[in-house]
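A look at the structure
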Amino acid sequence: MKCKIMITALAGLGTSLVALPALAGSPTETVAPEPVIASPPPPPPPVSLGGDWGGFYGGLQLGNLDVDGTGAADGDDVIFGFHGGYNYDFGQFVVGGEFDYDFGDIDLGGAATVDNVMRLKLKAGYDLGRTLIYATAGAARVDTSLGNETGEFLGLGVAYQVNDRFVVGGEVLEHRFDDISGSGVDADATAVTVRASLRF
């Protein structure tokens, strides 16, 4: 009888020992995967706001010249021409120099005609990114049927960078010419132009 009880106990102990590895974890046990933490998306590439105004440029302009001369020597008409210059960009401030030349055929009430205007400009402006606002002043030389005369001008302008190379803008310039070629004719002239330039 004792022998039978011992055999039964040993059999139960063996069964328990065989079951222990299964309780501790078996190859078929399902293990929950570790959560995957997604990394944040990369930041978008920076958008260029322009703002680099330094370097050489050149282009064309088209506009109107309104001349108010002594007596009946008044008139206005279309002008067109070209310009070229160089800008220094100091960050928020831009300074530069420019040469421009306008062609025209403006009848001043039969008293004279204006054939062309040439200018040497100094420019100083404020950098707003893709937009530049500036003041300009300098010397202007007008060629008329009465002769040539050198005077002064001043004005305001704005330029906008369409892309890194192409710029559009506009200017308003006020000129003063005294005693044109000794004729006794004085003239004030206002030029309003739109401009297109390429930067190099």
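Predicted, not measured: the structure shown is a model, and the values here were computed from it.

**A look at the packing of aromatic side chains**
Overall, the coordinates contain 8 aromatic pairs when judged by the stated rule. Each ring, one from phenylalanine 82 and one from phenylalanine 103, has its centre 6.4 Å from the other, and the planes form 50 degrees; the classification is tilted. Of this pair, phenylalanine 82 sits in strand E2 (residues 74-89) while phenylalanine 103 sits in strand E3 (residues 93-107), placing them 21 residues apart in sequence. Take phenylalanine 82: its relative accessible area is 35%, and that puts it in the partly exposed class. Aromatic pair tyrosine 86 and tyrosine 88: ring centres 4.8 Å apart, planes at 70 degrees, arrangement edge-to-face. The partly exposed category is assigned to tyrosine 86, whose relative accessible area is 28%. Of the aromatic side chains, those joined through ring pairs into one cluster are Phe80, Phe82, Phe99, Tyr101 and Phe103.

**Overview of the environment of aspartate 143**
Along the chain, aspartate 143 turns up in strand E5 (residues 131-144). Distance from aspartate 143 to phenylalanine 103, taken between C-alpha atoms, is 9.7 Å for residues 40 residues apart in sequence. The residues touching aspartate 143, leaving out its near neighbours within four places in the chain, are Thr113, Val114, Asp115, Asn116 and Asn148.

**Looking at the pairing of E2**
Note: strand E1 (residues 55-69) against E2, 14 bridges, orientation antiparallel. In the sheet register, valine 67 faces E2, and the bridge partner there is glycine 75. In this antiparallel pair of consecutive strands, E1 and E2, the connection spans 4 residues, and glycine 71 shows a positive phi of 65 degrees. In this sheet, E3 lies alongside E2 in antiparallel orientation, the contact comprising 11 bridges. Among the inter-strand pairings, histidine 83 is bridged to a residue of E3, identified as aspartate 100. Counting the residues in the hairpin turn of E2 and E3 gives 3 residues, including glycine 91, whose phi is positive at 105 degrees.

Basis of the calculations
Throughout this description, residue numbers start from 1 for each chain and increase along the sequence as written. Local features in this predicted model are restricted to residues of pLDDT 70 or higher, and side-chain atom pairs are both shown and tallied only at a pLDDT of 80 or more, whereas totals for entire chains, interfaces and linings draw on every residue. Side-chain metrics in this entry use all non-hydrogen atoms of the structure; hydrogen atoms and water are not considered. Aromatic rings from Phe, Tyr and Trp, with only the six-membered ring used for Trp, were paired whenever their centres fell within 6.5 Å, and each pair was classed as stacked if the ring planes differed by under 30 degrees, edge-to-face if by over 60, and tilted otherwise. Numbering of helices and strands runs from the N terminus; a helix is a DSSP stretch of H or I covering at least four residues, while a strand is a stretch of E covering at least two. Categorising residues by exposure relies on relative accessible area from a 1.4 Å probe, with only protein chains included: less than 20% of the type maximum marks a residue as buried, more than 50% marks it as exposed, and the intermediate range marks it as partly exposed. Only heavy atoms enter the contact rule, under which two residues are in contact if any of them lie within 4.5 Å. Note: two strands are recorded as paired if DSSP finds a minimum of 2 bridges between them.

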